[in-house]
Amino acid sequence: MAGPSTESCDLVIVGGGLAGLVAGVRALELGLRAVILEKGEGERYPCNSRQSGGIFHIAFHDPFRTPAELSELILRLTDGFARRDLAEALAATGSRLIAWMQAHGAKFMRFNQLEGYRWCLAPPRAMRAGIDWQDRGPDVFLRQLAAAFVRGGGRLETGTRAVDLLMEDGACVGVAAERGDRRIHWRAPHCLLCDGGFQADRAAFEEFIGPGFDRVFQRGARTGTGDGLRMARAVGAALIGTRAFYGHLLCSDARSSDLVWPYPEIDAIATAGVVVDQSGERVVDEGRGGVYLANALAALPGQRRCFAVFDQAIWDGPGTSARIPANPLLERAGGTVLRAGTPEALAQQLEIPPEALRATLDGYNAALEAGRTAGLAVPRSTGIAPQPVAQAPFMAIELLPGITYTMGGIAIDGHAQVLDAADRPIPGLLAAGAATGGLEGGAGATYIGGLIKAGSFGLIAAERAATLQGKSPPVTAAATDAPNDPDP
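Quick caveat: nothing in here was measured; it's all calculated off a predicted structure. (Residues numbered from 1 in each chain as written. Predicted model: local features only at pLDDT ≥ 70, side-chain atom pairs only at ≥ 80, totals over all residues. Heavy atoms only, no water.)

## As for the pattern of salt bridges
Under the criterion given, the structure shown has 39 salt bridges. Glutamate 206 is the salt-bridge partner of arginine 202, the closest N and O atoms lying 3.3 Å from each other. Of this pair, arginine 202 and glutamate 206 both sit in helix α5 (residues 202-208), four residues apart, roughly one helical turn. Residue class for glutamate 206 comes out partly exposed when judged on its relative accessible area of 36%. A salt bridge links arginine 424 to aspartate 420; the nearest nitrogen and oxygen atoms lie 3.1 Å apart. (Salt bridge = Lys/Arg side-chain N within 4 Å of Asp/Glu carboxyl O. Helix = DSSP H or I, 4+ residues; strand = E, 2+ residues; numbered from the N terminus. Buried < 20%, exposed > 50% of the residue type's maximum accessible area, 1.4 Å probe, protein only.)

## Observations concerning the packing of aromatic side chains
Tallied over the full model, the rule gives twelve aromatic pairs. Ring geometry for phenylalanine 111 versus tyrosine 117: centroids 6.5 Å apart, planes at 45°, classification tilted. Tyrosine 117 sits in the buried class, given a relative accessible area of 17%. Counting every residue linked through ring pairs, the aromatic cluster contains Phe60, Phe111, Tyr117, Tyr246, Tyr405 and Tyr447. The ring of phenylalanine 217 carries the charged tip of arginine 222 above its face, separated from the ring centre by 5.1 Å. The aromatic ring of tyrosine 292 is capped on one face by arginine 288, whose charged end is 4.2 Å from the ring centroid. (Phe/Tyr/Trp six-rings, centres within 6.5 Å; stacked < 30°, edge-to-face > 60°. Lys NZ or Arg CZ within 6 Å of the ring centre and 35° of its normal.)

## So, the sheet that holds strand β2 (residues 11-14)
Sheet architecture is open: six strands sit in the order β6-β3-β2-β10-β20-β19, paired in mixed fashion. Of all the strands in the sheet, the pair left with one neighbour each is β6 (155-158) and β19 (417-419). Going across the sheet, the axis of each strand differs from the next one's by a mean of 30°, ignoring polarity. Inspection of the sheet shows β2 paired to strand β3 (residues 34-38) by four bridges, in the parallel sense. Bridge pairing in β3 links isoleucine 13 to isoleucine 36. Along the sheet, helix α4 (residues 137-151) makes contact with β3 and β6, crossing β6 at roughly 120°. (Pairing = 2+ DSSP bridges. Axes fitted to C-alpha atoms, helices over the stretch in contact; angles between N-to-C directions. Contact = heavy atoms within 4.5 Å.)

## Notes on the environment of alanine 122
Turning to its location among the elements, alanine 122 is positioned in the loop between β5 (120-121) and α4. If we skip the residues at most four places from it in the chain, alanine 122 touches Lys107, Phe108, Met109 and Gly137.

## Description of the pairing of β3
Here β3 lies mainly inside the structure; five of its five residues are buried. Both faces of β3 are covered, namely the face carrying Ala34, Ile36 and Glu38 and the face carrying Val35 and Leu37. The handedness of the β2 to β3 crossover, carried by helix α1 (residues 18-29), is right-handed. Examined bridge by bridge, β3 and β6 share four bridges and lie parallel to one another. (Right-handed = clockwise from strand over helix to strand, strands pointing away.)

## What about unusual backbone geometry?
Excluding glycine, residues mostly carry a negative phi; peptide bonds, for their part, are mostly trans. With an omega of 0°, the peptide bond running from alanine 122 to proline 123 counts as cis. Take proline 123: it is sitting in the loop between β5 and α4. Unusually for a residue other than glycine, aspartate 79 sits at a positive phi of about 55°. For aspartate 79, the location among the structural elements is in the loop between α2 (67-77) and α3 (84-103). Exposure remark for aspartate 79: the relative accessible area of 68% places this residue in the exposed category. With a phi angle near 65°, arginine 222 is a residue other than glycine that sits in the positive phi range. Looking at arginine 222, the relative accessible area reads 42%, which means it is partly exposed.

Structure, rendered in structure tokens:
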């Protein structure tokens, strides 16, 4: 490879997802010369935010609640794991992000009357199983932002992969990148890492999460290979919360059919009924939620098959409750749902010991009736209400934990500045979105909201870079009222 050429700007951004594009457009507004380095190619280069469901919420609460309410909610739900400065920054910025997005052409709709679904990018996904992101709200808005960035004078360098940070006297002064057989040094006073998580990189997954890389299914864009984390770590950045990931339970047929992923999720069914492995015994506390279950099943030792076991009442109730429900969409898409008149007959179809499954269901139902599920061999909490598994037909779906993005990563402060092991900012280095940690996760793998985290810290990072370069943005309070309330 020939020697590197050198180019300069005020802010070089690694990654062109929501965090990177928001930061890029905001940087231009503040008078910075910005460049985005994106390893994907084409107008619809793949990234998780483009392929997302498009819902903007803070722990399924409205971002237009008061910042004090929202920051305390984050700290409570994560059992104190979240850094307070990050919780407060997100709580103060989430509503402002939505208003900013509307000013830049984003169209929102209220998907349903639940608080967490007030802000959905339009048009939404269709009510069907399978892959359905092209020309949906996130794809539309990201293409709008990319066009605005280029139109405003920004440089969107696709097909370009960042490989190293340029450091001088302990400060980040740019990024070394590769495009084909060319190596380019992009020098800038600030570098922003927002290239997504490390979910698609086997080595990073096995180092930080565990040996179950082959047991999880990549239900996102599969582009998060942890380049930003690796580069930041190499220059002394601290990491935080790297064990947890955001994901959902899928039908195991996702391995062979693109018609049953990323939706429907099986979370609502598994959390209402029981989850057993091939021994016929329960293996996890179903009451802690679908994201927790995906993490827990991915962490099980060995190559165990696991199943959600439920009955007709659960199938007709929680099975229909999700935004894109398993009942009836899973079977319509060709997913496998097993049925039998007795637990023993169902166990034979699952190739697990019939007497073991019968004993598991009898013990679970008796504990539920007595209000003593916490005393089961695997305690069953009631954060999500358990339901009996007693009404024929008895049913089962083989489960596959799906991973969307990793919740942990580069440690940052409330200004999106990357921190070293002593909790000190590394001069010139910023990070945002799924490349970062310290907000979501913890022991319960608590999900706060990937899109709003990415967009909010994209704004924060651009504004911090501008401030440190003497181009301070105007001081604005968190928005309390939506400038344009979403259509129903």
